[in-house]
Structures are given as structure tokens and as C-alpha cells.
Amino acid sequence: DFYGIFSKTNSNLKFSYSENKEAYKFLFKIGIKKKQKFVCLIIRDSAYKNQYQNHLNAKWNLHNYRDVEISSYSKTILFLINKGYFVIRMGKAAKSKIEINHDCVYDYPFSKYKNDFLDIWLMNNCYFCISSGTGLDQITYAARKPVIQSNMVPTGHFQADLFTIGIPKKFKYSNSNKFLNINQLIEKNIFFKVSSKLLESLSLSIYYII
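Just so you know, these numbers come straight off a predicted model, no measurement behind them.

Digging into the pairing of strand 1 (residues 38-42)
Stage number 1. Counting buried residues in strand 1 gives five out of five residues, a clear majority hidden from the surface.
Stage number 2. The side-chain alternation of strand 1 yields two buried faces, one formed by Phe38, Cys40 and Ile42 and the other by Val39 and Leu41.
Stage number 3. Sheet topology places strand 1 next to strand 2 (residues 86-89); four bridges connect them, and they run parallel. Bridge pairing in strand 2 places Phe38 opposite Phe86.
Stage number 4. Here strand 1 pairs with strand 4 (residues 128-131) via four bridges, running parallel. Across the sheet, Leu41 pairs through a bridge with Ile130, a residue of strand 4.

What follows is the structure, encoded as C-alpha cells:
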């Protein structure tokens with residue numbers, strides 16, 4: 001968006017009175033207080049591909065380099081709770097549950113209330129979103145809400161607009177403690193395209209930043 005048009009226009013995502021009423025009823029059920037701001041946390045793992053797209057017979061394990069353990073966000077979740085936010089961990093499926101047991105944390109992938117409508121409404125109406133780079137966060141972008149991209153790869157796929165900040169995963173050689181810089185990622189042809197197989201062939205390891 002070189003000309004900043006996206007930031008100068010309004011979202012076209014609209015909901016009816018009955019849809020908003022249904023969504024607010026859900027927020028009440030899970031314990032969100034009136035006027036309390038909620039943050040959506042969407043962290044990629046292999047569960048969605050394995051459960052809902054396994055019929056495509058694709059080699060989804062080649063995407064494993066994009067995975068992040070939800071446990072690595074425990075400090076982030078606790079920080080947000082202490083600031084008064086309600087945290088909703090999003091996703092249609094997830095490998096593991098959040099380890100934090102708190103009234104202001106809701107593990108939506110394991111909820112009996114989850115549905116496609118709430119997926120869209122929650123991402124559209126959150127105060128901001130923390131994402132590791134996956135399809136659902138595009139709803140928050142469309143709504144012109146702030147997004148923190150964390151642990152996202154490939155590095156060259158970062159969203160570049162006024163609503164986004166973040167930092168990608170880091171790469172280093174398996175036998176070294178030195179991380180690769182952006183120029184080196186470009187030289188190794190892993191700035192825009194990465195695969196688990198390619199990382200193995202280059203003897204590179206990948207690390208979380210949270």
C-alpha cells in the first residue's frame with residue numbers, strides 16, 4: 001500500500017443488529033465485563049491443516065517451520081491480563097491448550113460455542129490482535145485494527161501498513177550462535193520463501209522471539 005490508501009479508507013465489514021446481539025451474548029457467557037477490551041491471540045500450529053485440510057493430501061509438514069507453541073506466549077497473556085484486557089485465543093483447532101487458568105483468558109479452539117460467524121466477528125471487533133501470521137488475522141487487517149505480527153515467517157511476507165508492528169522469527173546456523181541478518185536471508189533465498197526441507201539442507205535452525 002505505497003500510497004496509504006488503506007489507512008485513509010474505512011472498513012466495509014458490517015454486522016446486523018441480530019448478529020451483534022448474538023456476539024455480545026457470547027461475550028457475556030465467557031465472562032467479559034461491560035466495556036472491557038478484549039485482545040485476540042491467533043498463533044499458528046499444525047492442528048488446523050491436519051484436521052481440516054488433510055483430505056487435500058498435501059505435505060503440510062513442510063509448513064512446520066511456521067509453527068509456534070502457545071506456551072511461549074504465557075508472559076504476554078499475563079501482561080495483558082494485568083493491564084485489564086480479556087484475552088481470547090483464537091483458532092478453529094489447536095494442538096494444545098493454554099496453560100494459564102484465569103477468568104480473563106478464553107481458549108476458543110476448545111469452546112463448544114465456536115462457529116464461523118464468531119470467528120469473523122471477534123477478529124473484527126477486538127481491540128487489537130496478536131498473530132504469528134495466519135489466514136484469520138486478515139479480518140483484523142480489513143477492520144483497520146492494530147495487529148502485532150510475532151514469530152512470522154517468511155520475513156518478506158510481513159504486512160507493511162500503519163496498523164502493523166512486529167518482529168519475525170530468527171534464523172541461525174545449527175552449529176553457531178550467530179543469527180542471520182536480512183541481507184543474509186536474501187542471499188540464502190529464504191527471505192520470501194522457506195520450507196522445513198530447505199532449512200535442513202542449509203543447516204539452519206529457527207527460533208521464537210517470544
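Brief notes about the layout of surface pockets
Stage number 1. Put simply, the second largest pocket is a space of about 220 Å³.
Stage number 2. Surrounding the second largest pocket, 14 residues form its lining, Tyr24, Leu27, Ile32, Gln36 and Phe38 being those nearest its centre.
Stage number 3. Elements represented by at least two residues in the lining of the second largest pocket include exactly helix 2 (17-29) and helix 5 (116-125).
Stage number 4. It is helix 2 that contributes the most residues to the lining of the second largest pocket, three residues altogether.
Stage number 5. Of the residues belonging to the lining of the second largest pocket, the class tally is eight nonpolar, two polar and four charged.

What about empty space enclosed by the protein?
Once rolled over the atoms, a probe with the size of a water molecule shows which space is left empty.
Stage number 1. Scanning the model with the defined rule gives one cavity of 30 Å³ or more in all.
Stage number 2. Roughly 40 Å³ of volume is contained in the largest cavity.
Stage number 3. Looking at the largest cavity, the residues that line it are Asp45, Val68, Glu69, Ile70, Arg89, Lys95 and Ser96.

Notes on the nonpolar core
Stage number 1. With 41 residues, the main nonpolar core has Phe38, Ile88, Met90 and Leu122 as its most contacted residues.
Stage number 2. For this core, the elements supplying multiple residues, two or more each, are helix 2, strand 1, helix 4 (74-82), strand 2, strand 3 (105-107), helix 5, strand 4 and helix 6 (137-142).
Stage number 3. Ignoring any residue separated from it by four or fewer positions in sequence, one finds Met90 in contact with Cys40, Leu41, Ile42, Tyr108, Pro109, Leu118, Asp119, Leu122, Met123 and Leu136.
Stage number 4. Core analysis: the second largest hydrophobic core is formed by ten residues, Leu180, Ile190, Leu199 and Leu204 among them.

Criteria and cut-off values
Residues numbered from 1 in each chain as written. Predicted model: local features only at pLDDT ≥ 70, side-chain atom pairs only at ≥ 80, totals over all residues. Heavy atoms only, no water. Buried < 20%, exposed > 50% of the residue type's maximum accessible area, 1.4 Å probe, protein only. Helix = DSSP H or I, 4+ residues; strand = E, 2+ residues; numbered from the N terminus. Pairing = 2+ DSSP bridges. 1 Å grid on protein atoms, 1.4 Å probe; cavity = no way out; pocket = protein on both sides within 12 Å on 5 of 7 lines; lining within 4 Å. Points joined across faces, edges and corners; volume = space filled by probe spheres on them. Nonpolar A, V, L, I, M, F, W, Y, C, P; charged D, E, K, R; others polar. Core = buried A, V, L, I, M, F, W, Y, C linked by side-chain atoms within 4.5 Å. Contact = heavy atoms within 4.5 Å.

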